[in-house]
Amino acid sequence: MTTLQAPASFTQENPWEMAREQLRRVASLIDIGENMLNVLLECKKAVEVSVPVRMDDGSVLVYDAFRVTHNVARGPSKGGIRYHPAVTLEETKALAMWMTWKCALMGLPFGGAKGGVVCDPKSLSQLELERLTRRYTTEIINQIGPEVDIPAPDVGTSPQVMAWIFDTYSMNKGYSVLGVVTGKPLHVGGSLGREEATGRGAGFCVREALRKRGHELAGARVAIQGFGNVGANLAFLLEEAGGTIVALSDSTGGIYNPAGVSVEAAKAHKREHRTFEDFAEADAITNAELLALDCDVLAPCALEQVITGDNATEVKASIVCEGANGPTTLEADEILHDRGILVLPDVLANAGGVVVSYFEWVQGLQEYFWKLDEVNAKLNDIITRAFEETWRMHVEREISMRQAAYALAVGRVSEATVTRGLYP
Ligand code: GLU
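Student: When you look at the overall build of the protein chain in this model, what are you seeing that I'm missing?
Tutor: For the protein chain, the count of helices and strands is 14 helices and 13 strands. Scaling as 2.2 N^0.38, a compact globule of 424 residues should have a C-alpha radius of gyration of about 22 Å, and the protein chain matches this with 21 Å. The principal-axis extents of the C-alpha atoms in the protein chain amount to approximately 55 × 55 × 45 Å. Buried positions account for 59% of the 424 residues belonging to the protein chain. When the accessible area of the protein chain is evaluated, it comes to approximately 17,400 Å², of which 50% is carbon and sulfur surface.

Student: Sorry, what's going on with a nonpolar patch on the surface here?
Tutor: Together, Leu186, Leu192 and Leu372 make up a nonpolar patch on the protein surface, roughly 240 Å² of accessible area in all. By the element assignment, Leu192 lies in the loop between helix 5 (159-173) and helix 6 (194-212).

Student: Looking at this model, I keep getting lost on the packing of aromatic side chains. Mind explaining?
Tutor: Each aromatic ring pair is described using two quantities: the centre-to-centre distance and the angle formed by the ring planes. Under the counting rule described, the total for this entry stands at eight aromatic pairs. Consider the rings of Phe227 and Phe276, whose centres lie 5.3 Å apart with planes at 75 degrees: the pair is edge-to-face. Of this pair, Phe227 sits in the loop between strand 7 (221-225) and helix 7 (229-240) while Phe276 sits in the loop between helix 8 (263-273) and strand 10 (283-285), and the two are 49 residues apart along the sequence. Neither Phe227 nor Phe276 differs from the other in exposure class; each is buried. With a centroid separation of 6.3 Å and an interplanar angle of 35 degrees, the aromatic rings of Tyr358 and Trp361 are classed as tilted. Here the residue Tyr358 and the residue Trp361 both occupy positions in helix 12 (residues 352-366), the gap between them amounting to three residues, near one helical turn. In this arrangement the basic side chain of Lys270 is found over the ring face of Phe276, its NZ or CZ atom lying 5.7 Å from the centre.

Student: Sorry, what's going on with the pattern of salt bridges here?
Tutor: Should their charged atoms come close, side chains of opposite charge can pair. As enumerated under the stated definition, the model contains 27 salt bridges in all. Of the charged contacts in the structure, one is a salt bridge between Arg25 and Glu334, with a shortest N-O distance of 2.9 Å. In this pair, Arg25 sits in helix 1 (residues 15-30) while Glu334 sits in helix 10 (residues 330-338), placing the two residues 309 residues apart along the sequence. On the accessibility criterion, Glu334 (45% relative accessible area) is partly exposed. Between Arg221 and Asp294 there is a salt bridge, with its nearest N and O atoms 3.6 Å apart. Placement of Arg221 in strand 7 and of Asp294 in the loop between helix 9 (287-291) and strand 11 (297-300) is noted, with a sequence separation of 73 residues between them. Judged by relative accessible area, Arg221 falls into the partly exposed class, the value being 28%. Note on Asp294: relative accessible area 46%, which makes it partly exposed. Each of Arg82, Glu91, Lys114, Asp154 and Glu304 takes part in a single network of salt bridges with overlapping partners.

Student: What is the right way to look at the environment of Gly115 in this model?
Tutor: With respect to the helices and strands, the residue Gly115 is situated in strand 5 (residues 111-118). A relative accessible area of 2% places Gly115 in the buried class. It is 19 Å that separates the C-alpha atoms of Gly115 and Arg194, two residues lying 79 residues apart in sequence. Beyond its immediate stretch of four places on either side in the chain, Gly115 contacts Phe66, Arg67, Gly80, Ile81, Arg82, Thr92 and Tyr136.

Student: Would you mind going over the site of the ligand with me for this structure?
Tutor: The immediate surroundings of the ligand are formed by 14 residues, with Lys78, Lys102, Pro153, Asp154 and Ser357 found nearest. For the ligand, a nitrogen atom lies 2.8 Å from a polar atom in the side chain of Asp154. Here an oxygen atom of the ligand sits 3.1 Å away from a polar atom, N or O, in the side chain of Asn325. Those elements that provide at least two residues to the shell around the ligand are strand 4 (77-84), helix 3 (89-106), strand 6 (149-153) and helix 12.

Conventions adopted
Residues numbered from 1 in each chain as written. Predicted model: local features only at pLDDT ≥ 70, side-chain atom pairs only at ≥ 80, totals over all residues. Heavy atoms only, no water. Helix = DSSP H or I, 4+ residues; strand = E, 2+ residues; numbered from the N terminus. Rg over C-alpha atoms; globule rule 2.2 N^0.38 Å. Buried < 20%, exposed > 50% of the residue type's maximum accessible area, 1.4 Å probe, protein only. Areas by Shrake-Rupley, 256 points an atom, 1.4 Å probe, with all protein chains shown as cover. Patch = residues over 30% accessible without salt bridge, like charges linked within 9 Å, V, L, I, M, F, W, Y side chains within 5 Å. Salt bridge = Lys/Arg side-chain N within 4 Å of Asp/Glu carboxyl O. Phe/Tyr/Trp six-rings, centres within 6.5 Å; stacked < 30°, edge-to-face > 60°. Lys NZ or Arg CZ within 6 Å of the ring centre and 35° of its normal. Contact = heavy atoms within 4.5 Å. Near = heavy atom within 4 Å. Polar contact = N/O pair within 3.5 Å; in protein donor to acceptor, adjacent residues only side chain to side chain.

In structure tokens:
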């Protein structure tokens, strides 16, 4: 039996320390008091489990895995599950804290959580992935549930993975429990519009930000890093709205054409060759070069800490839309702010996913499913309202959009905590 060791993390800053420092800075702005700050600086619960999996060749590998709940003051905890070789407990804790703020900013009745399995899903067969998912679900089965903690997809997980979680939990209960997980495939209780929701929400934020600066989506030049669920859907939606997608990338590299890349053609090329390499209608660029391109909107939609103190001075976009969680380090954040670049923070820009997850949870509990137009219109309402609230605070208090979003979110969680009172 082999236990897999996690490779060194790709992040420069400890993400948990970064998340806590962001909270401390906001706490000083809104004066929540030291007692409240001490509560919010910690995670309510963090479990670490080992997940033994029989591989197709008969050997057994043991994977390290986590599920963390940061806060439940506003409702059951909510957040995705990440399958990635560089997942750590500290990263999972940071992501759980960000989920608390994201749900509060959107006004959803949820706290924040996150899960992670240290694995490379691309190297696993379908059967290995299924066994891994079912065993991980079993190991955390007492932590999750429709009233307790509701997982969803994140980097490296898919609707199929959510279906296995739903099935494993339901088999153990003896009946189907639709509300235990969101991001499920449509035919087993998923919601219309969930798959595109994170990209769609990011698109709404870009539209609102451009409007504030007197521009429209039509004609905006956009560079997108990452072509997973968020990046790919955002690219399609912005192209459809008349934007010019000047660059795209995946983990192996990117493509650039100042006149615009056809997202459909790029997707077809990637489907066939598994990479953007040798795509005829654009030049090859690196992920680092993509961040420094001349464009109106830069959307980092892959992993954390790609915009750092080293490259923030090179960003030429006037708007940065954080499709990924935590793509900008604290140092980079200050540099971008000082340079007048409008950063749409992750807790606002990528919240579309959890908003439609909320819709899916409600539909599952009621066993009554909505039309796509209804889902998208309600998503637009929630994102646009949150954008407007954040913008107002950003202007009135002369603080960054991130600080404004955090101030609103942390204020709401504090208010709920005070109103409920400390037990016992
Ligand atoms: N993983 C997504 C996020 O970071 C979605 C979470 C959810 O739908 O619960 O927001």
